[in-house]
Amino acid sequence: MSQEKKTSSGFPIDRIYQGSNSEDAGQFPFTRGVRSDMYRGKPWTMRQYAGFSTAEESNKRYHFLLNQGTTGLSVAFDLPTQIGYDSDHAMSQGEVGKVGVAIDSLEDMEILFQGIELEKVSTSMTINATASTLLAMYVALAKKQGADLNLISGTIQNDLLKEYAARGTYIYPVRPSMRIITDLFEWCSENLPKWNTISISGYHIREAGATAVQELAFTLANGKAYVQAAQAKGLDIDVFGKRLSFFFNAHNQVFEEVAKFRAARRIWAHTMKELGARDERAQMLRFHTQTGGSTLTAQQPENNIARVTLQALAAVMGGTQSLHTNGYDEALNLPTEKAAQIALRTQQIIAYESGVIDTVDPLAGSYYIEHLTDTIENEALSIMSKIDEMGGAVACVESGWMQDQIAQSSYAYQKAVERHEQVVVGVNRFQAAEKETAASFKIDDSIRNQQSEKLAELRARRDAHRCQTALKALQHAAQGDANLMPFIVEAVEAYATLGEIADSLRGVFGEYQS
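Everything numeric in this text was worked out from a predicted model, so none of it was measured.

Asks: Break down the side chain of Thr 182 for me, citing the residues and quoting the values.
Replies: Mapped onto the fold, Thr 182 is located in helix α6 (residues 174–191). A polar contact is formed between the side chain of Thr 182 and the backbone oxygen of Arg 179, at a distance of 3.1 Å. Discounting chain neighbours no more than four positions away, the residues touching Thr 182 are Ala 229, Ala 230, Lys 233 and Leu 235.

Take a look at the structure:
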């Protein structure tokens, strides 16, 4: 039963307004939302993305965010962790702890979540090429805490196709990467039933310069490729389909973004039904949203608070399941504690003061919103049909077609900014002489020395025979067709490092060359 809602003037607010449209929220094809009540009983998950320096420092930030009212954790990993190098590797020079937290082993994961019960918090991990290893570390930690794995919840990004298309933190070639992804699907369905096994990401596609329609079309085409790969492995779409999630960007054009999210749900519901999903929960598109990092400006950084607010509002009115709001200073450095607090407060003000969550799909019925939803759906379906004709998302990535489409859109946008056809306040209009007033938060290179010392100590005291046996077993499994996840978990529990595990797989699969 929905609780009664009223405006500030005392007018009652219905759960949903339907007009001539009989479609309800929580019903196929879910244009109006995946739950009948959406946020009327409980707001979206406020999941602030954070991670920097060492596990010790990031742990302090997580406790701060939890104390400030965040309702889910979202872990940012540094570049070496993302591409499978230990902190003491030559390739890690200058990057350790810079754009996220350095995690080299299970020992670091233990420190990262010290004082946090994994049964009681939902955790999202933005990691792709090494997703299987980081999830194995999380599971190993949960077991050490005595947690019930049936209660462990969260999401692993685990989306490699968008890495080849837009972001670049890949390791292995496309086909072996698809194998690792589907292995994780299968293993989680049997061992971690509440875990979302992939977050199919349009966020980075949009950050690379794609339009809203391209973000939607490429993301859903990638999602379709993952589903087909899992089906080819013999997995049940009605089982693994329930654990798929998506990750979208929110930009400044509020109505286009709302329409994009509505169209996404509708397209995915029909796509999954056509692929054989019968369970409505497997047909639902559930998604996380992050406000647009590429929209933030180093000039007049306080203006970014307004941008983030507009973007967060679009995500909420579009029906997101969880949300991260960027810090206003992120065009300059990692978000300071103050900026992170303002970003979280932005979500809380929308949730508890704006009234936009009191009715479901509040913009439905607007001629403009309905027209935009239909138009975006049709345009996205046209692109997806072209991708199918070219052999699917994997073929389009391998040929470079998807990358080229994104690059062309990015170039067109930049030219529009330079010609002043696209206004960016404080950048190409309304400039002002200014001094840098934002507090600086940067990580120095001493973090690499700290991590290297920890690694040397770990390697000296671990059971070397057990570790080497586990790594050899993993490599042997990679040469065959066994599910790799049990072997990765065993290696993690033997305190093999992230880099050692990645190197074992590199030795079999090789590395992707664009």
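Continuing now.
Asks: Which residues make up the layout of surface pockets, and what are the values?
Replies: Its boundaries defined by the atoms lining it, the second largest pocket holds a volume of some 960 Å³. Surrounding the second largest pocket, 31 residues form its lining, His 251, Asn 252, Thr 295, Tyr 413 and Gln 422 being those nearest its centre. The set of elements that each furnish at least two residues to the lining of the second largest pocket consists of α7 (203–207), α8 (212–232), α10 (254–274), α12 (303–317) and α16 (401–418). A total of five residues in the lining of the second largest pocket trace back to one element, the largest contributor, which is α16.

Asks: Let's hear about the sheet that holds strand β3 (residues 45–50): which residues, and what values?
Replies: Spatially, β7-β6-β5-β4-β3-β11-β10-β9-β8 is the arrangement adopted by the nine strands of the open sheet, whose pairing is parallel. Strands with a single pairing partner mark the edges of an open sheet, and in this sheet they are β7 (195–196) and β8 (198–201). Sheet analysis places β3 next to strand β11 (residues 322–324), joined by two bridges and oriented parallel. In the sheet register, Thr 45 faces β11, and the bridge partner there is Ser 322.

Asks: Go over a nonpolar patch on the surface, please, and point to the residues and values.
Replies: A surface patch of nonpolar side chains, about 250 Å² in accessible area, is lined by Val 423, Val 425 and Phe 430. Its location among the elements puts Val 425 in the loop between α16 and α17 (446–461). Accessibility expressed as a relative area gives 36% for Val 425, which makes it partly exposed.

Asks: Run through the pattern of salt bridges, naming residues and quoting values.
Replies: Enumeration over the complete set of coordinates arrives at 37 salt bridges. Between Asp 279 and Lys 242 there is a salt bridge; the shortest N-O distance is 3.1 Å. Here Lys 242 lies in the loop between α9 (237–240) and β9 (244–250) and Asp 279 lies in the loop between α10 and α11 (280–283), a separation of 37 residues in the sequence. Among the residues examined, Lys 242 registers a relative accessible area of 23% and is labelled partly exposed. In this structure, the salt-bridge partner of Glu 500 is Arg 459, at a minimum N-O distance of 3.6 Å. With Glu 500 in helix α20 (residues 498–509) and Arg 459 in helix α17, this residue pair connects regions lying 41 residues apart in the sequence. Judged by its relative accessible area of 17%, Glu 500 is buried. Here the salt bridges share partners, and the residues they tie into one network are Asp 86, Asp 88, Arg 459, Arg 462 and Glu 500.

About the cut-offs
- Residues numbered from 1 in each chain as written.
- Predicted model: local features only at pLDDT ≥ 70, side-chain atom pairs only at ≥ 80, totals over all residues.
- Heavy atoms only, no water.
- Helix = DSSP H or I, 4+ residues; strand = E, 2+ residues; numbered from the N terminus.
- Polar contact = N/O pair within 3.5 Å; in protein donor to acceptor, adjacent residues only side chain to side chain.
- Contact = heavy atoms within 4.5 Å.
- 1 Å grid on protein atoms, 1.4 Å probe; cavity = no way out; pocket = protein on both sides within 12 Å on 5 of 7 lines; lining within 4 Å.
- Points joined across faces, edges and corners; volume = space filled by probe spheres on them.
- Pairing = 2+ DSSP bridges.
- Patch = residues over 30% accessible without salt bridge, like charges linked within 9 Å, V, L, I, M, F, W, Y side chains within 5 Å.
- Areas by Shrake-Rupley, 256 points an atom, 1.4 Å probe, with all protein chains shown as cover.
- Salt bridge = Lys/Arg side-chain N within 4 Å of Asp/Glu carboxyl O.
- Buried < 20%, exposed > 50% of the residue type's maximum accessible area, 1.4 Å probe, protein only.

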